[in-house]
Amino acid sequence: MSTKYPKSPNEETKNGMVYFPRMLDKIRLHAGGELHEDYHKNLGAMRAADGACCNFLRIDHRDLTERVKQGGSDEEILEWCFEKGRRLNEGDIVVWNGFASKLGWRDFMSSRLEELKKEQGIADREDIACIPDLMDYEEGRKT
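Conventions and cut-offs
Residues numbered from 1 in each chain as written. Predicted model: local features only at pLDDT ≥ 70, side-chain atom pairs only at ≥ 80, totals over all residues. Heavy atoms only, no water. Helix = DSSP H or I, 4+ residues; strand = E, 2+ residues; numbered from the N terminus. Buried < 20%, exposed > 50% of the residue type's maximum accessible area, 1.4 Å probe, protein only. Phe/Tyr/Trp six-rings, centres within 6.5 Å; stacked < 30°, edge-to-face > 60°. Salt bridge = Lys/Arg side-chain N within 4 Å of Asp/Glu carboxyl O.

> Now, about unusual backbone geometry: what can you tell me, with residues and values included?
For Y19, which is not a glycine, the phi torsion comes out positive at approximately 75°. Structurally, the position occupied by Y19 is in the segment before α1 (20–31). For R106, which is not a glycine, the phi torsion comes out positive at approximately 60°. Along the chain, R106 turns up in the loop between α5 (90–101) and α6 (110–119). With relative accessibility at 73%, the residue R106 sits in the exposed group.

Here it is, written out as structure tokens:
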């Protein structure tokens with residue numbers, strides 16, 4: 001079983017969009033057989049961050065997966081998304097980043113975040129306030 005983790009959800013593209021590099025990294029790792037099976041069920045799932053990101057860009061995750069398999073940098077693939085879906089302006093990126101960086105904090109994912117923290121014995125960790133914090137904790141980037 002692979003112990004290679006995808007990029008942090010806080011990593012940004014050159015234009016400042018968070019999470020997108022992680023989503024592409026998960027696709028690349030999965031295509032290479034290196035994505036841990038724990039990540040498979042949420043890969044492209046509509047009620048998960050991948051689905052939210054694809055929806056925001058107005059692209060289909062299956063189409064994105066095929067594009068990623070063709071190769072290219074994160075920025076080249078993001079440009080493809082802009083051409084196939086919709087082009088984001090600076091305000092759109094601010095809105096996306098606000099959503100993606102706080103997922104699980106006072107929103108529809110809050111109860112799930114609390115369940116996951118309890119399951120991992122870290123329910124008392126106030127510094128893990130959102131899903132990106134939890135991802136970084138689980139993947140060893142946050143102690």
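> Break down the packing of aromatic side chains for me, with residues and values.
Counted according to the given criterion, the structure contains two aromatic pairs. On the numbers, 5.5 Å between centres and 35° between planes, the contact of F56 with W96 is tilted. Taken together, the positions of F56 in helix α2 (residues 49–57) and W96 in helix α5 put the pair 40 residues apart, joining distant regions of the chain. The buried category is assigned to F56, whose relative accessible area is 15%.

> How would you summarise the pattern of salt bridges if you had to cite specific residues and measurements?
Applying the stated criterion to the full structure yields 15 salt bridges. The shortest N-O distance in the salt bridge between R28 and D74 comes to 2.8 Å. Remark: D74 occurs in helix α4 (residues 74–84) and R28 occurs in helix α1; sequence separation between them is 46 residues. Put simply, R141 and D136 hold a salt bridge, and the shortest N to O gap is 2.6 Å. The class for D136 is buried, based on a relative accessible area of 10%. Each of K7, E11, R28 and D74 takes part in a single network of salt bridges with overlapping partners.

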